[in-house]
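# Chain and residue survey
What follows is the residue order along each chain.
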Amino acid sequence: MFLVCISFGYQIDSLKREVNLGKEEQLTALLDLAWEYRYIDLDSAVFYINEGIDIGTQRSDTSAMVTGYLRKGIFLKDLGKWQEAEEKFQQALVLSKLNGAELDEGRVLINLGQLHKTKGDFEIATEEILAANKLFEKLNHVVFLKVSHNLSLIHISEPTRQAEIS
């Protein structure tokens, strides 16, 4: 069976070739391949993300490790493995703070906020989303600022809506 999935301009087959050929871009290809496979074959996605995290760790590539842990957390959240997802998000958060990578820190906080909202922890979720919002304002990152702003409005109003439904 010939499988081609085009997303964000990548063809999965070309990413596989980069991984298999062992090019310098192997780490990036593994992380991208995992992301592309998340809806096609989650087992493969988890395999590729684990490989990417391992290589990132061997190379002490903090940025790749943050991306790997963040994406693995998203996969685990989607599987309903909330505790494991939170652990991966926390690992990504610690690394992004140590690295001074505020954009990555904001991305992790958004995902933590969404996880806590899913779990019903609206107060924690709101704090995380608002913290991400502040980072994106500071960085003047318009795209993520819009996302975090919209999410903060949802999170702030959610406990009120819950009370009205009860």
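Bear in mind the structure is a predicted one, so any value in this text is a computation, not a measurement.

Along the protein, the regular secondary structure elements total 8 helices and 2 strands. The N-to-C order of helical and strand elements in the protein reads β-β-α-α-α-α-α-α-α-α. Long-range contacts, defined here as pairs at least 24 residues apart, represent 48% of the contacts in the protein between residues at least 6 apart.

Enumeration over the complete set of coordinates arrives at 3 aromatic pairs. Between the aromatic rings of Tyr-37 and Tyr-48, the centroid separation amounts to 5.9 Å while the plane-to-plane angle is 45°, which identifies the pairing as tilted. Here the residue Tyr-37 occupies a position in helix H2 (residues 26-37), and Tyr-48 occupies one in helix H3 (residues 42-58), the gap between them amounting to 11 residues. Accessibility classification places Tyr-37 together with Tyr-48 in one group, the buried group. Three or more aromatic residues joined by ring pairs make a cluster, and in this case those are Tyr-37, Phe-47 and Tyr-48. Arg-38 extends its terminal NZ or CZ atom over the ring of Trp-35, reaching a point 3.9 Å from the ring centre.

The next point concerns the environment of Leu-79. Positionally, Leu-79 belongs in the loop between helix H4 (62-78) and helix H5 (82-99). When the C-alpha positions of Leu-79 and Leu-42 are compared, they lie 9.4 Å apart, and in sequence the two are 37 residues distant.

What follows deals with the nonpolar core. Phe-89 and Val-108 are the most contacted members of the largest nonpolar core, which totals 34 residues. At the level of elements, H2, H3, H4, H5, helix H6 (102-119) and helix H7 (122-139) are the ones that each hand at least two residues to this core. Among residues more than four places away in sequence, those in contact with Val-108 are Leu-70, Phe-89, Ala-92 and Leu-93.

So, about the pattern of salt bridges. Tallying each qualifying case throughout the model produces 4 salt bridges. Taking the shortest distance from any N to any O, the salt bridge between Glu-86 and Lys-119 comes out at 3.1 Å. Of the two residues, Glu-86 sits in helix H5 while Lys-119 sits in helix H6, which places them 33 residues apart along the sequence. Judged by its relative accessible area of 17%, Glu-86 falls in the buried class. The shortest N-O distance in the salt bridge between Arg-107 and Asp-104 comes to 2.6 Å. Residue Arg-107 and its partner Asp-104 are both found in helix H6; the two are separated by 3 residues, about one turn of the helix. Of the two residues, Arg-107 and Asp-104, neither departs from the other in class, the shared state being buried.

A separate point is the confidence of the model for the protein. The predicted coordinates should not be examined in detail at positions where pLDDT is low. Looking at the protein as a whole, its pLDDT mean stands at 80, while 72% of the residues score no less than 70. No element of the protein has a lower mean pLDDT than strand S1 (residues 6-7), which averages 42, and none a higher one than H5, which averages 97. Segment residues 1-10 is flagged for pLDDT under 50; beyond a separation of four residues in sequence, or across chains, it makes 18 contacts in the model. Ignoring residues within four places in sequence, the model shows residues 159-166, a span with pLDDT below 50, making 3 contacts including any to other chains.

Tracing the backbone shows Ala-131 in helix H7. The exposure class of Ala-131 is partly exposed, given its relative accessible area of 30%. Taking the C-alpha atoms as reference points, Ala-131 and Ile-110, 21 residues apart in sequence, are found 8.7 Å from one another.

Our focus in this paragraph is unusual backbone geometry. For residues that are not glycine, phi is negative in most cases, and the peptide bond is trans in most cases. Although it is not a glycine, Ser-60 sits at a positive phi angle of roughly 55°. Relative to the helices and strands, Ser-60 resides in the loop between H3 and H4. On the basis of relative accessible area, Ser-60 is assigned to the exposed category, the value being 58%.

Thresholds, definitions, all that
For every chain, the first residue of the written sequence is number 1, and numbering continues from 1 along that sequence. In keeping with the model being predicted, local features are shown solely for residues with a pLDDT of at least 70 and side-chain atom pairs are shown and tallied solely at 80 or more, while totals for entire chains, interfaces and linings include all residues. The side-chain quantities take in all heavy atoms of the structure and omit both hydrogens and water. Here a helix means four or more residues in a row that DSSP labels H or I, a strand means two or more in a row labelled E, and each is numbered from the N terminus. We call two residues in contact whenever any of their non-hydrogen atoms come within 4.5 Å of each other. Paired rings are identified among Phe, Tyr and Trp, the last through its six-membered ring, by centres lying within 6.5 Å, and are further divided according to the angle between planes into stacked (under 30 degrees), edge-to-face (over 60) and tilted (the rest). Partly exposed describes any residue whose relative accessible area lies between the buried limit of under 20% and the exposed limit of over 50%, with all areas from a 1.4 Å probe on protein chains only and scaled to the type maximum. A ring is scored as having a charge over it whenever the NZ atom of a lysine or the CZ atom of an arginine sits within 6 Å of its centre and within 35 degrees of its normal. For our purposes a nonpolar core is just a set of buried Ala, Val, Leu, Ile, Met, Phe, Trp, Tyr and Cys residues, chained together by side-chain atoms within 4.5 Å. Salt bridges are counted wherever a side-chain nitrogen of Lys or Arg sits within 4 Å of a carboxyl oxygen of Asp or Glu. Confidence of the predictor at the level of single residues is given by pLDDT, which spans 0 to 100.

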